[in-house]
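Structural description and commentary
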There are 4 protein chains.
Amino acid sequence: MNTDSKHEVRVRPLRERLREETARAILVAAEEVFADKGLHDARVEEIAARAGVSVGTVYNHFEDREALLADLVESRRKELALRLDQALADHQPFETQLRSFALTVFEHFESHRAFLSILLQSDVGQPTDAMREIRARIDVLVRRGLSRKALRSDFAPLLPSMFTGALKAILMHDLRNPGELEVPERAEAAIDFFLNGAGA
Amino acid sequence: MNTDSKHEVRVRPLRERLREETARAILVAAEEVFADKGLHDARVEEIAARAGVSVGTVYNHFEDREALLADLVESRRKELALRLDQALADHQPFETQLRSFALTVFEHFESHRAFLSILLQSDVGQPTDAMREIRARIDVLVRRGLSRKALRSDFAPLLPSMFTGALKAILMHDLRNPGELEVPERAEAAIDFFLNGAGA
Amino acid sequence: MNTDSKHEVRVRPLRERLREETARAILVAAEEVFADKGLHDARVEEIAARAGVSVGTVYNHFEDREALLADLVESRRKELALRLDQALADHQPFETQLRSFALTVFEHFESHRAFLSILLQSDVGQPTDAMREIRARIDVLVRRGLSRKALRSDFAPLLPSMFTGALKAILMHDLRNPGELEVPERAEAAIDFFLNGAGA
Amino acid sequence: MNTDSKHEVRVRPLRERLREETARAILVAAEEVFADKGLHDARVEEIAARAGVSVGTVYNHFEDREALLADLVESRRKELALRLDQALADHQPFETQLRSFALTVFEHFESHRAFLSILLQSDVGQPTDAMREIRARIDVLVRRGLSRKALRSDFAPLLPSMFTGALKAILMHDLRNPGELEVPERAEAAIDFFLNGAGA
DNA sequence: GATGAATGAGGCTTCATTCAT
DNA sequence: AATGAATGAAGCCTCATTCAT
């Protein structure tokens, strides 16, 4: 018993680590396939293949296809939400927070481009939890801008959508012209556009 | 003889008109179902049912499901493209053209709201012909703005995405807050944001 | 009434002739399409189109697809049976009858190549009435050959199949090498092979 | 380590053997159903049922219905071609080779009677690869007969069709009178007829 | 746990046939 | 009687999910 528990203390973590490793590999594969093939045409078998496991293994780790997608979105969301919270945490000048926020989004996009294009797809229909949570943070940001008189109050209810629109504009441009702009330049452009517009 | 030719003039168009009527009904039903259920989950059988015809009839009018969707998109695209061209036709001041363009987009969106929100999904993955053609008109518009020094030249390559982003921002806001803004107000907001930004 | 019947005497035949003409046109078209596309892949709509009528008209003249095929086979069969009976009618020497029979088959094949390839298709599965009737005539011919000691009695039960086989051999060769042999040469070859074999 | 490699040697083949067994069962079922119902009326669902598997399983093993048929034909063809090649391999007198060839055909027909009678149908329209390959072997056989002066040179181009016709004649007879002739008798009759004809 | 073959509900599509004009 | 659009049963095929090894 004692031996057993000792044994468990040592062995479990290993197994768990392996187990988690497999799950992570599946999520990575899923992210790729969902992004490549689209939310619908991504086939479980291809995800398994790209993860180097069998279909059965996918189902050993995730309830079903939907749960896999949900977990994927959730894990990426958590990561992004965490970073966005950090960006919002410091008591910086509003514009700095804005830039920091955009930067975070673009960085996350850089490493999870695939994931974000998934999010953008689902964004239109019924908003996902992920999108909602990001929007909540944008709301916070925008309210700060308003209270600091850094944003136009006549646009108040539109501001979250506008900021999202500004970010998306740059993301879209980037999707179609990969590598044209460095990440910081993207953030800069988005903020400049959001605050000052494109009029001469 | 005379009767015959008269006959043809009358009878042919009748059947043709009925035929076209059926096709139109199917397209309308398809628009509804595609919008309700999504690009993927729309079932041909439901489209037929909602059009009040049998499945077979759908296939008498459209090669297959994909062709039906393509035709649907195409018909909406043609309609929008025509109106956008009209908006671009007059030699109005740039800002008027801009407003007119936005107005057209929002009006079109108003009458095909559900379906267009579906199309926006596919915009992310591979852009449709429809989206491409609209973008071409945006390019024209933007070039005019640049040549009239009405738009910031430092944003030149980004301007089409930015204008699209501004329109989408308002569309998104409208999707989530239906009826909050009248169509002309939407156009006004989009243009104001696009040209001047949201900074105070 | 009298007028009517007079009228009918004149008008009916015209109508009937037209009616028959249409039916004939459909049968000709059917023969072509059945032969081109095969017994199964021949589509009623294509038959109608090739006959220059609408689908509905086909169904005004024939109960259904199966009846159309049956009528087609029947009409060609009647024609062939008639001619074969003529070939068997004269009290000619056996070999002359044989040659005449073969000649008739090849001539019929020449004008209804399509039809016969239909027959050959159905021959294997369940023999059609048409094939059965032709075989009946071959049986007659063979019995004559046996009673005149012109055919080997040790082959007696096999002779009908052998004669058919000899005819088919030449038909097959002709299908693959169209125009290589004139019709009389074909008959000659078939008879020579049937009677004398291919051994040196 | 050793265990591992041993393991692989044992386990892999097991699954593979089961997999092949399933494929074979489907092919056997397909042969039956295609023969029973005809090339067209054979339903994939019935094939699956008769193989004791689900439809999906059929599609796990064969691309589609057409591929299943092709595989079936191919497997029967390979078998026959192999045996025909053996029959042609020995440097026997021509007539022995001929008899051996015919024997092989009839034996093969005996074990795949139903299916082959289906194949004969398609022989008329567009010849299958299978038929072509068999014909190629008949060509070889016939050329040998010619060079050994065992076959009539005036029939040269017709000989392959004639030999085929002689075989088919007996096959047809056999289809209509099952069990009347033993396999060797069939071969004997076919050869006798082919070489000497049916004339007294 | 991992494997991957088996499953079968459910979708798309075809085409002979009907029927209102 | 001709027309051809409408019908819908029936077939093929896909792919998420299960389960025996």
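None of these values were measured; they are calculated from a predicted model. (Residues numbered from 1 in each chain as written. Chains lettered and ligands numbered in written order. Predicted model: local features only at pLDDT ≥ 70, side-chain atom pairs only at ≥ 80, totals over all residues. Heavy atoms only, no water.)

1. Here's the deal with the protein's contact with DNA strand E
In the neighbourhood of DNA strand E, 31 residues make up the surrounding shell, with B:Y59, D:R15, D:S54, D:T57 and D:H61 lying closest. For DNA strand E, the fraction of protein-proximal atoms (within 4 Å) that sit in sugar or phosphate groups is 69%. B:R43 is positioned such that a nitrogen or oxygen atom in its side chain is 3.0 Å from a phosphate oxygen of DNA strand E. One of the backbone nitrogen or oxygen atoms of B:V44 is found 3.2 Å away from a phosphate oxygen of DNA strand E. Only α3 (55-61) of chain A, α3 (55-61) of chain B, α3 (55-61) of chain C together with α1 (2-41) and α3 (55-61) of chain D provide two or more residues apiece to the surface near DNA strand E. When the residues that make up the surface near DNA strand E are grouped by side-chain class, the tally is 11 nonpolar, 11 polar and 9 charged. (Near = heavy atom within 4 Å. Polar contact = N/O pair within 3.5 Å; in protein donor to acceptor, adjacent residues only side chain to side chain. Helix = DSSP H or I, 4+ residues; strand = E, 2+ residues; numbered from the N terminus. Nonpolar A, V, L, I, M, F, W, Y, C, P; charged D, E, K, R; others polar.)

2. A look at the domain arrangement of chain A
All names here are of chain A. Looking at chain A, the domain boundaries give domain 1 (1-62) and domain 2 (65-200). With 16 residues of domain 1 at the contact, the number on the domain 2 side is 14 residues. Summed over both sides, the interface between domain 1 and domain 2 buries roughly 1300 Å², with carbon and sulfur atoms accounting for 70% of that surface. It is E31, F34 and L39 that lose the most area in domain 1 upon contact with domain 2, and together they represent 47% of the buried surface on that side. The tally of links from domain 1 across to domain 2 stands at 1 salt bridge. In this assembly, domain 1 and domain 2 are joined by 5 residue pairs in polar contact (both at pLDDT 80 or more). Looking at the side of domain 1 that touches domain 2, the elements with two or more residues in it are α1 (2-41), α2 (44-51) and α3. (Domains from an automatic or database assignment. Contact = heavy atoms within 4.5 Å. Buried area = accessible area lost by both parts, 1.4 Å probe. Salt bridge = Lys/Arg side-chain N within 4 Å of Asp/Glu carboxyl O.)

3. Regarding the protein's contact with DNA strand F
Close to DNA strand F lie 29 residues; B:R15, B:S54, B:T57, B:H61 and D:Y59 are nearest. For DNA strand F, the fraction of protein-proximal atoms (within 4 Å) that sit in sugar or phosphate groups is 70%. Between a phosphate oxygen of DNA strand F and a side-chain N or O atom of A:Y59, the distance comes to 2.8 Å. Side-chain polar atom of B:H61 to a phosphate oxygen of DNA strand F: 2.7 Å apart, as the coordinates give it. Listed by contribution, the elements that provide at least two residues to the surface near DNA strand F are α3 of chain A, α1 (2-41) and α3 of chain B together with α3 of chain C. The dominant element in the surface near DNA strand F, judged by the number of residues it contributes, is α3(C), at 5 residues. Considering only residue class, the surface near DNA strand F consists of 10 nonpolar, 11 polar and 8 charged.

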